[in-house]
Amino acid sequence: MNISILGAGAMGSLFGGLLAESGQQVTLLDINDAHLEAIRRQGLRLETDSGDRRIGGLTACRPEQVTGQPDLLLVFTKAQHTDHALRGIAGHIGEHSLVLTLQNGLGNAEALCRHVAPERVMIGMTTWPADMAGPGHVRSHGQGVVRLMSLDAVERQGSNQVAAVLEAAGLQCAVDPQVWTSIWEKVAFNAALNSLCAVTGCTVGQLDAAPEGVALARAIVLEVLSVAQSVGVATDAQRCLDSVAYAIAHHRTHKPSMLQDVLAGRPTEIGAINGEVLARARQAGIAVPHTETLLGLLRLIEAWAATGGGHE
Ligand code: NAD
């Protein structure tokens, strides 16, 4: 398959690297020139449980330099950058190109549909983790899975083919007609842990420094899942609460990317997570006070950072 990755940061590079290693033709599209240049010079350095190696054979360029049209476009920008990024490669998306989002949050499918016919859009969720270790260098330890389906839920050759290609790259991928359940449960997990860590500066494990931290996380999970139910998505609250408790107990030093973004003074994905949940809650007439308060606090932190973040 001829595959382009739009947004070749931590996740895009992990997926692009593994796909290239499995024999696919991969183009990484990003605006981070230092990262692109390092990949062009020395290949992509990928550290996973399978080893620390350099992967060659990847094309790495800025969106405006890309030519041709891919069989598959995998979108891995942060959610707030999707629209801008897709506008930047309008001519690259062909009439046959399938477009897949595995980004966190809600509203990603709608963003893709503003640029691509809905029958070519695929949605999904991944539990693979990845971090940027430096230009041209990505780390991913542990295991994950990918679940995907076509947006209109019509079983198509395309989604099976894409799942098979990701599976062959070792990404443990399957087509899953219940993928909205996985997406909403991950949104609940992220709304709870990412926003709490981003506001407090705590790592995931430090959220149990006070019982209120854990209670807040649980309250947010239950709020989000009540909104999921209102839009007809069945979820498993106990499974979700258990995964939050597991993360607090076992991923103690983990800094969610939303906290990393706050620490770096960058905009966060809060709009795609708490913001999209609140919008759907309002439509359904459901109160989500904890989710809404965390959204407000993050908006304030972002606005303050945008002014330079100094003290008078
Ligand atoms: P990242 O910030 O490492 O990568 C995003 C990349 O997009 C950056 O390299 C950035 O330069 C690029 N970009 C921004 N604007 C662009 C544009 N206009 N054109 C092209 N590229 C552009 O983020 P990430 O951690 O890889 O996360 C990507 C998505 O995957 C997010 O939605 C995130 O929530 C989700 N996700 C992340 C993880 C993880 O462990 N990192 C796990 C699961 C899902």
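Throughout this description, residue numbers start from 1 for each chain and increase along the sequence as written. Residues qualify for local features only when their pLDDT is at least 70, as the model is predicted, and side-chain atom pairs are given and counted only at 80 or more; totals for whole chains, interfaces and linings, by contrast, use all residues. In computing side-chain properties, one takes all heavy atoms of the structure into account and sets aside hydrogens as well as water.

### Quick look at the nonpolar core
Ranked by size, the top nonpolar core spans 57 residues in total, and within it Leu 73, Leu 86, Ile 89, Trp 184, Leu 193, Val 221 and Val 224 carry the most contacts. Considering each element in turn, this core owes the most residues, 11 residues, to helix H6 (residues 179–200). Bear in mind that the domain bounds are from an automatic or database domain assignment. When residues are assigned to domains, this core turns out to be shared by domain 1 (2–176) and domain 2 (180–306), each giving three or more. Residues count as neighbours in contact if any of their non-hydrogen atoms are within 4.5 Å of one another. Excluding residues within four positions of it along the chain, Leu 193 makes contact with Val 204, Leu 207, Ala 217, Val 244, Ala 247, Ile 248 and Pro 256. One finds Leu 14, Val 26, Val 146 and Leu 148 within the second-largest nonpolar core, a separate group that totals 36 residues. Only buried Ala, Val, Leu, Ile, Met, Phe, Trp, Tyr and Cys residues count toward a nonpolar core, and they belong to the same one when joined by side-chain atoms within 4.5 Å. Burial classes: relative accessible area under 20% of the type maximum marks a residue as buried, over 50% as exposed, and values in between as partly exposed (1.4 Å probe, protein chains only). A run of DSSP states H or I qualifies as a helix once it reaches four residues; a run of E qualifies as a strand once it reaches two. Both are numbered from the N-terminal end.

### Section: helix H10 (residues 271–284)
Taking 1.5 Å of rise per residue, 14 residues should cover 20 Å, and H10 covers 18 Å from first to last C-alpha, within 8% of that figure. What H10 keeps buried is the set Ala 272, Ile 273, Asn 274, Gly 275, Val 277, Leu 278, Arg 280 and Ala 281. Backbone geometry just after H10 places Gly 285 at a positive phi near 70°. An expected span of 1.5 Å times one less than the residue number is assigned to each helix.

### Brief notes about the side chain of Glu 269
You can see Glu 269 is positioned in the loop between helix H9 (257–263) and H10. When residues no more than four places from it in sequence are discounted, the contact partners of Glu 269 are Lys 78, Ala 79, Gln 80, Asn 104 and Met 258.

### A few points about the domain arrangement of the chain
By the assigned domains, the chain splits into domain 1 (2–176) and domain 2 (180–306). In this complex, domain 1 contributes 16 residues to the contact, which on the side of domain 2 involves 18 residues. Each of two parts loses accessible area, computed with a 1.4 Å probe, when they are put together; buried area is these two losses added. Between domain 1 and domain 2 lies a buried interface of about 1500 Å² when both sides are counted; carbon and sulfur atoms form 57% of it. The largest per-residue losses of area from domain 1 upon contact with domain 2 belong to Lys 78, Asn 104 and Leu 106, which jointly make up 42% of the total buried on that side. Here a salt bridge means any side-chain nitrogen of Lys or Arg lying within 4 Å of a carboxyl oxygen belonging to Asp or Glu. Taken together, domain 1 and domain 2 are joined by two salt bridges.

### Thoughts on helix H11 (residues 289–306)
With 18 residues, H11 extends 26 Å from end C-alpha to end C-alpha; this agrees with the ideal 26 Å at 1.5 Å per step. In the core, the buried residues of H11 are packed alongside H6, helix H7 (211–230), H9 and H10. After H11 finishes, the residue Gly 308 shows a positive phi value of roughly 110°.

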